Each structure stands twice: as structure tokens, then as C-alpha cells.
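A closer look at the structure
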Amino acid sequence: MTRWPSLERFLKTDPQDAGCAETFELLDRYVEREMAHGDAADRYPEVAVHLSNCNPCIEDFEGLLAAISDPED
Amino acid sequence: MAFAGHAALDSSLGGRRLDADTVSWLEGLDGGSPVHDATTVRLYELLLRVARHEARRRSPQLGIAGPELDDLAHQAAADAVVNVVAKVGEFRGESRFTTWACKFVIFEVSTRIGRHFWRHPTTSMDAEDWDRLPDRFGLDPVEASEWGDLVAALRAAVEHELTERQRRIFVAIVLNGVPLDALVVELGANRNAIYKTLFDARRKLRASLVTNGYLADDASRRA
């Protein structure tokens with residue numbers, strides 16, 4: 001338990017972080033893996049780390065997931 | 001959206017088997033295909049549906065609706081079609097074609113949302129509003145006597161440890177609440193470059209706070 005959890009979480013960086021470019025490159029595979037097996041974070045841990053830190057990329061992930069999850073829309 | 005169901009596998013790309021729908025898209029988008037133009041129109045229609053869906057999903061944070069939101073979706077779909085057609089040769093069949101294509105239009109919607117921010121900006125780029133920091137990180141005002149020194153140390157680290165570009169990006173995003181995609185537009189950069197700059201700034205600031213005893217390093221926490 002830290003005294004400043006939100007600040008510590010923000011400042012902490014993970015060298016595994018894929019960054020935005022690599023995440024975009026893998027996003028279609030990540031989303032399909034998540035849809036099919038629910039284990040995309042295990043298959044692509046570097047993308048999972050990035051998505052936990054990057055608001056724009058998590059928005060894109062959620063948007064793509066919503067797009068392919070809703071075939072009637 | 002109209003791309004559910006790809007049961008049949010009847011071709012391959014780079015050793016990967018492709019579903020029939022993906023094969024149909026790739027054949028249609030081939031420059032010499034007699035249905036190239038029709039396939040491009042079909043692609044635009046698909047991406048426009050996805051763009052509208054995504055724009056609606058994100059409209060609460062945008063504060064726009066109706067024709068303005070639809071215009072954003074049209075622009076995103078048009079640019080995404082150009083990108084997809086230009087990059088279709090890079091498609092390796094590691095996902096369905098439609099999933100691969102849709103990520104481009106999702107990204108274009110994000111880009112336009114970033115541009116939209118500057119039409120009615122709620123903050124400036126460079127004003128350093130350090131008063132927002134406690135609220136930004138959930139620091140309770142009642143405990144200000146405890147975190148006051150921490151914030152002062154962080155501010156000193158921002159001023160003395162960061163490069164000018166790192167400091168500017170930290171201030172814009174963290175203190176002033178400028179969305180990262182809006183900063184991309186303002187600085188004429190790309191998302192990855194801004195993220196990497198902020199990543200390096202975060203690492204430097206944390207190291208400084210650890211060195212000065214405000215945060216525990218991971219090694220001492222594990223010990």
C-alpha cells in the first residue's frame with residue numbers, strides 16, 4: 001500500500017510497454033484474440049502493459065472491440 | 001455491422017489460411033480487379049458505419065452531435081479508405097481483413113477528436129496550473145501538510161530534470177489536461193512520439209522522487 005497510489009501508478013514505467021506504434025500494429029490481432037479466447041493480455045503482454053497506461057490507445061481498443069462485437073449495428 | 005461470419009477458409013497469405021470474406025476483399029481491392037471501384041465503395045460504406053458507431057460511442061466526451069458528428073465520421077471514413085487501399089499490400093492475414101481495416105478508421109476518428117479539441121479549447125498548452133495536480137492524483141486537501149513537500153519536489157524535478165520538450169508535454173497533459181491526441185495535432189507530432197516523450201519524463205520524475213526519499217524504489221519495497 002503506497003501513500004500516493006495514483007501518482008505512483010502514473011510515474012511508474014514498464015520497460016515491456018509496447019508504445020503506441022507497436023500497439024496499433026498488433027491491435028487487430030489483440031482484439032480478435034480477446035474476442036475468441038479472452039487471453040489477449042497473456043498472448044501480447046507488451047500491448048496489455050501499454051493499454052493500461054495510454055488513454056488514446058485504450059479508447060481505440062475499446063472502439064475496435066465494440067465495432068466487431070456488434071454485427072447488427 | 002456487416003462483417004460477421006467468415007466460416008470458409010479457401011486461400012492463404014504468407015502461409016496463413018484466409019477466410020472467404022477476407023479473400024473477397026483482397027481480390028476486390030487488387031488494382032487490376034474489375035470490381036476494384038465497387039469494392040472501394042463497399043469499403044467506404046463499411047468504414048463509415050464503423051466511424052459513425054465510434055463517433056456516437058465517444059460523443060459524450062466530445063460535446064457534439066447531429067450533422068457535426070456525422071461530418072466527423074465521414075471525414076474519418078474517407079481518410080481511412082485512402083490509408084487502407086494504400087496499405088493493403090502490407091496486410092499479412094494475421095486477422096480478418098475487416099478487423100484490420102477497421103482499426104484504421106477507429107484511429108482516424110481519434111485523430112479528428114484530437115483536432116476537434118482545439119475548436120473549443122478548455123485549457124491552454126503552456127500555462128502551468130500546479131493547483132490542479134492534487135486533484136489530478138487524488139491527493140486529499142486535508143492531508144496537504146503530508147503531500148506538500150512531495151508536490152514541491154515533483155515540481156522541482158519537472159523544472160530541473162526534464163528537457164524542455166518533456167516539460168512542455170508533461171505540463172500540457174498532466175497539469176492542463178490536454179488530451180494526448182490533441183497535443184499530437186498542436187505539436188505536429190505523432191501519438192507514439194508524444195507517448196514516448198511522456199514515458200521518459202515519467203521515468204525521470206520517479207527516479208528523482210525515489211532518490212530524494214519521497215517514493216520507495218521497487219527493490220526496497222520487495223525487501
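Residues numbered from 1 in each chain as written. Chains lettered and ligands numbered in written order. Predicted model: local features only at pLDDT ≥ 70, side-chain atom pairs only at ≥ 80, totals over all residues.

Observations concerning the overall build of chain A
Per the secondary structure count, chain A includes 5 helices and 0 strands. Its helices and strands taken in sequence order, chain A reads α-α-α-α-α from the N to the C terminus. Expressed as lengths along the three principal axes of its C-alpha atoms, the size of chain A is roughly 45 × 20 × 20 Å. Counting all 73 residues of chain A, 38% fall into the buried class. Within chain A, residue pairs in contact and separated by at least 24 positions form 66% of the contacts whose partners lie at least 6 positions apart. (Helix = DSSP H or I, 4+ residues; strand = E, 2+ residues; numbered from the N terminus. Buried ≥ 20, exposed ≤ 12 C-beta atoms within 10 Å, placed from the backbone. Contact = placed C-beta atoms within 7 Å.)

Some remarks on the overall build of chain B
Regarding its fold elements, chain B presents 10 helices and 2 strands. Secondary structure elements of chain B, listed N to C terminal, follow the sequence β-β-α-α-α-α-α-α-α-α-α-α. The C-alpha atoms of chain B give 23 Å as radius of gyration, which overshoots the globular expectation for 223 residues (17 Å, by more than 25%). Across its three principal axes, chain B shows a C-alpha extent of roughly 70 × 45 × 30 Å. Residue burial in chain B is summarised as follows: out of 223 residues, 34% are buried. In chain B, once contacts between residues fewer than 6 apart in sequence are set aside, the share between residues at least 24 apart is 67%. (Rg over C-alpha atoms; globule rule 2.2 N^0.38 Å.)

Comments concerning the packing of helix α4 (residues 97–117) of chain B against helix α8 (residues 180–187) of chain B
Pairs of packed helices are described in terms of their axes, by the angle between the two and the distance that separates them. Residues and elements named next belong to chain B. Contact geometry for α4 and α8: axes closest at 7 Å, N-to-C directions at 75°. Taken together, α4 and α8 sit at an angle that is classed as roughly perpendicular. Contact with α4, carried on its side by S110, T111, I113, G114, R115 and F117, involves D181, A182, V184 and V185 of α8 and no other residues of that element. Tallied by class, the residues present in the contact of α4 with α8 amount to 5 nonpolar, 3 polar and 2 charged. (Axes fitted to C-alpha atoms, helices over the stretch in contact; angles between N-to-C directions. Parallel < 35°, antiparallel > 145°, perpendicular 65-115°, else oblique. Nonpolar A, V, L, I, M, F, W, Y, C, P; charged D, E, K, R; others polar.)

Concerning the domain arrangement of chain B
Residue and element names in this part refer to chain B. On domain assignment, one finds that chain B holds domain 1 (9–117) and domain 2 (130–222). Computed from C-alpha coordinates alone, the two centres of domain 1 and domain 2 are separated by 36 Å. With 6 residues of domain 1 at the interface, the matching set in domain 2 holds 5 residues. Along the lines of polarity and charge, the residues of the side of domain 1 that touches domain 2 split into 2 nonpolar, 3 polar and 1 charged. (Domains from an automatic or database assignment.)

What to know about the interface of chain B and chain A
Taken together, the contact pairs 33 residues of chain B with 31 residues of chain A. Among the secondary structure elements, those contributing two or more residues to the side of chain B that touches chain A are α2 (36–62), α4, α6 (144–161), α8 and α9 (191–211) of chain B. Per-element accounting of the side of chain B that touches chain A gives the leading share, 9 residues, to α9(B). Its residues assigned to classes, the side of chain B that touches chain A shows 16 nonpolar, 6 polar and 11 charged.

A few points about the environment of A:A40
Residue and element names in this part refer to chain A. Among the secondary structure elements, A40 is positioned in helix α3 (residues 40–43). Residue classification places A40 among the buried residues on the basis of 23 C-beta atoms within 10 Å. For the pair A40 and D14, spaced 26 residues apart in the sequence, the C-alpha separation amounts to 18 Å.

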